[in-house]
Amino acid sequence: MYTQGLDQKDKQPAAIDREETAEQLAAFQARIDAEEKIEAKDWMPEAYRRTLVRQISQHAHSEIIGMQPEGNWLTRAPTLKRKAILLAKIQDEAGHGLYLYSAAETLGVSRDQMVAGLLSGEAKYSSIFNYPALTWADIGAIGWLVDGAAIMNQIPLCRCSYGPYSRAMIRVCKEESFHQRQGFDILVTLCNGTPQQKAMAQDALDRWWWPSLMMFGPSDKESKHSAQSMAWKIKRFTNDELRQKFIDVTVPQAEFLGLRVPDDDLEFDAETGHYRHGEIDWREFLDVLAGNGPCNRQRMEKRRKAHDDGAWVREAAQAYAEKHAAKHAA
Amino acid sequence: MSGKEWPLYEVFIRSKSGLSHRHAGSVHAADDQMALDAARDTYTRRSEGVSIWVVRSSQIVASDPAETAAFFEPAEDKIYRHPTFYDMPDGVDNL
Amino acid sequence: MNKEGALLAYVTRLGDNALVLGQRMVEQVAAYPELEEELANANFALDYIGQARMFYSYAGELEGQGRGEDDFAFLRDENEFRNLLLLEQPNGHFGEAITRLVLFELFYLAQLEALIRCSDERLAAIAARAEKEIRYHLRHNTQWLVRLGDGTDDSHRRVQASVNELWRYTGEMFEADDIDTIVEKAWGGPSLERLEERWRSDINAILINATLVRPEDGGMATGGKAGRHSEHLGYMIAEMQYLQRVHPGASW
């Protein structure tokens, strides 16, 4: 989900600047199989390192871009308490971005390089944040569904094979459950409120349900390249497994709220214990991933503007530090 | 346009009096004071710290994982450094 | 006006300052020059929102008409807000935002230190909590002003322009009206004259450290404390209060 790009084929050419012998690769795999953690300077296959850099930085970018749809409602939050809680949540997201950039940097890529990748449009972030937050109920839906889906993915990642990433994920998971509860709480209040508030909640669910399911990435039969990530314990469950788990857990929550999930084919199968669901519109998913979602341009423009507007500030801080380092050295 | 990014600092937090500082992650900052503030905001928002150390990442000297065997294994032979090596006779407490 | 009325108005005004400034800071989320600074800004905004809630809750109790923090924030009109004009000015660029914070927080910290010693226990307690927060803000923000003033030629020019532009809003902080006078005499609150002396000496030192020039005192803007605002406040209030106004009586 935040790691949708995982299923893409590694586009880098196979040639690398050092030899990787069969013995080294086997020894590495043995460590993974023994549930050992790989740390920053340990030997690792180049493809492992590159996959992690892409996955971790994509996850970090998602947190940063994710601040925007919710940030748009901060000034309009309907009570001071909701305003403060939403701000704390968004602050956590910035913090998660920081933990993740920090973990990625242990793999030899710099923050600047990663940020440049995001701003150029080359690096991906989770498609979910390309949808607009149109009402206050959307803030509830984002917490309940989007953070709910994120938690489903992040808990297994706490056991991922790469040490710095798994430790960052442990931190993230500790903070994430408040995020989902915050969203659900907003919807409980709306669903127990005026008819307009209840209609607002239903409308938000109608718009966020399918994009949330798409967060888990393409179906397993379309995900030919995740086998290696599973073997290296960077990915621990398949897309469909996580998506099914999310649906099974979330539909009863929608029933509790008195809301209708916008899927005519949704049906509980007593034999399997799972919900059967309708077909996902993968054209929409691919379209949004390709940059044609409702908010892709807007999200990127805001990020680029913040970065460009801040250049003079970053340079000033740098210049000041250099001037004063020189003074101390003299 | 200098185009240089702010240097990377590693962050160590002592979460409670009596414990050691533990590595928590890293931040970018232009100077030491900014690094301390950034570390506080990033790693101690939920009162997880009583003391913060920040160190320029470039100042950290680390053992080489490739040399792990030579660096660490000789100690494994010296089992008499471990308390379990010694059998204590029954009836003697506090040893 | 009696002393209880003055205390109520004074506490409400403190809440208005905190809310308006908090709202300005919240507008900057996801627009900051560096990720680490986003976290700092969010912390500061949370502090201000928290202070607004404490001041407004207390004001509601003093008033005794059943109004709570959200009634003060979302159901009063523009001319009922009594915040300083300095705080409702738009954020502008990072340098302007930092300059505004330093100019205000230097005063606010001193005001809070004085209020810790006032004779109203509750106000003193709120001031004690806020003072710890603002002390940290001021150090952080002052250091930024120094970095920008003594950074590059470009940053120096920009932040000098910010200081020049915002200077005319600093006088209002020290204008004593009836409310300030009664709070000083009857509740042991601060003397604005003494706060001004201290502020002028401290801001001089900060500006020198930042290699910035202190502007000449010209005409000072006034009116915020009496409910006569700039055009900016109306837009802020409209945005902030929108949901509560459109759905009267609803719970959120």
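A short tour of the structure in this document, coming up. Predicted, not measured: the structure shown is a model, and the values here were computed from it. (Residues numbered from 1 in each chain as written. Chains lettered and ligands numbered in written order. Predicted model: local features only at pLDDT ≥ 70, side-chain atom pairs only at ≥ 80, totals over all residues. Heavy atoms only, no water.)

**Details of the overall build of chain C**
- For chain C, the count of helices and strands is 10 helices and 0 strands.
- When the helices and strands of chain C are read in sequence order from the N terminus, they spell out α-α-α-α-α-α-α-α-α-α.
- Taking 2.2 N^0.38 as the reference for a compact globule, 252 residues should give roughly 18 Å; the C-alpha atoms of chain C span a radius of gyration of 18 Å, in line with that estimate.
- Its C-alpha atoms put chain C at 55 × 40 × 30 Å along the principal axes.
- Each of the 252 residues in chain C was classed as buried or not, and the buried ones make up 60%.
- Within chain C, contacts between residues separated by at least 24 positions form 79% of all contacts whose residues are at least 6 apart in sequence.
- Carbon and sulfur atoms make up 48% of the accessible area of chain C, which totals about 9,800 Å². (Helix = DSSP H or I, 4+ residues; strand = E, 2+ residues; numbered from the N terminus. Rg over C-alpha atoms; globule rule 2.2 N^0.38 Å. Buried < 20%, exposed > 50% of the residue type's maximum accessible area, 1.4 Å probe, protein only. Contact = heavy atoms within 4.5 Å. Areas by Shrake-Rupley, 256 points an atom, 1.4 Å probe, with all protein chains shown as cover.)

**Let's talk about the pattern of salt bridges**
- Under the counting rule described, the total for this entry stands at 45 salt bridges over all chains.
- For A:K89, the salt bridge goes to A:D147, with nearest N and O atoms at 2.7 Å. Residue A:K89 is found in helix α3 (residues 80-105), and its partner A:D147 is found in helix α5 (residues 136-157); the two are separated by 58 residues along the sequence.
- Of the residues examined, A:K89 reaches a relative accessible area of 1% and is grouped as buried.
- Residue classification places A:D147 among the buried positions, given a relative accessible area of 3%.
- Here the salt bridges do not stand alone but share partners, grouping C:E113, C:E131, C:R135, C:R198 and C:D202 into one network. (Salt bridge = Lys/Arg side-chain N within 4 Å of Asp/Glu carboxyl O.)

**Considering the interface of chain A and chain C**
- Listed as interface residues are 46 residues of chain A and, on the opposing side, 47 residues of chain C.
- Of the roughly 4,000 Å² buried between chain A and chain C, counting both surfaces, carbon and sulfur atoms make up 70%.
- By the criterion of area lost to chain C, the three top residues of chain A are A:T75, A:L80 and A:W312, representing 20% of everything that side buries.
- The tally of links between chain A and chain C comes to 3 salt bridges.
- Of the charged contacts, one joins A:K323 and C:D150 as a salt bridge, the two residues approaching to 2.9 Å between their closest N and O atoms.
- The interface formed by chain A and chain C contains 15 residue pairs in polar contact (both at pLDDT 80 or more).
- Listed by contribution, the elements that provide at least two residues to the side of chain A that touches chain C are α2 (46-71), α3, α6 (163-191), α7 (195-214), α11 (296-309) and α12 (311-329) of chain A.
- At 14 residues, α3(A) tops the list of elements feeding residues into the side of chain A that touches chain C.
- For the side of chain A that touches chain C, a count of residues per class yields 24 nonpolar, 12 polar and 10 charged. (Buried area = accessible area lost by both parts, 1.4 Å probe. Polar contact = N/O pair within 3.5 Å; in protein donor to acceptor, adjacent residues only side chain to side chain. Nonpolar A, V, L, I, M, F, W, Y, C, P; charged D, E, K, R; others polar.)

**Focus: the interface of chain C and chain B**
- Across the contact, 10 residues belong to chain C and 12 residues belong to chain B.
- Between chain C and chain B, a total of about 1,100 Å² is buried, with carbon and sulfur atoms accounting for 52% of that surface.
- In this structure, the connection of chain C to chain B is made through 2 salt bridges.
- Applying the counting criterion to the chain C and chain B interface returns 6 residue pairs in polar contact (both at pLDDT 80 or more).
- Elements that contribute at least two residues to the side of chain C that touches chain B include exactly α2 (35-63) and α6 (121-149) of chain C.
- The dominant element in the side of chain C that touches chain B, judged by the number of residues it contributes, is α6(C), at 5 residues.
- Of the residues assigned to the side of chain C that touches chain B, the class counts are 4 nonpolar, 2 polar and 4 charged.

**Points about the packing of aromatic side chains**
- One pass over the structure, following the stated rule, counts 23 aromatic pairs over all chains.
- An angle of 55 degrees between the planes, with centres 5.3 Å apart, marks the rings of C:F174 and C:W199 as tilted. Taken together, the positions of C:F174 in the loop between α7 (153-166) and α8 (178-187) and C:W199 in helix α9 (residues 192-209) put the pair 25 residues apart, joining distant regions of the chain. You'll find C:F174 and C:W199 in the same group, each marked buried.
- Taken together, the ring pairs in this structure connect C:Y48, C:F104, C:F107, C:Y108, C:W167, C:F174 and C:W199 into an aromatic cluster.
- Above the ring of C:Y136, the side-chain terminus of B:R40 is found at 3.6 Å from the ring centroid. (Phe/Tyr/Trp six-rings, centres within 6.5 Å; stacked < 30°, edge-to-face > 60°. Lys NZ or Arg CZ within 6 Å of the ring centre and 35° of its normal.)

**Here's the deal with the sheet that holds strand β3 (residues 51-56) of chain B**
All names here are of chain B.
- Pairing in this open sheet of 3 strands is antiparallel, and the strands run β2-β1-β3 from one edge to the other. Every interior strand has two partners, whereas the edge strands, β2 (22-28) and β3, have only one. The mean inter-strand angle of the sheet, taken between neighbouring strand axes irrespective of direction, is 30 degrees.
- Pairing of strand β1 (residues 8-14) with β2, which is carried by 6 bridges, proceeds in the antiparallel orientation. For L8, the partnering residue across the bridge sits in β2 and is H28. (Pairing = 2+ DSSP bridges. Axes fitted to C-alpha atoms, helices over the stretch in contact; angles between N-to-C directions.)

None of this, on its own, says anything about what the molecule does.
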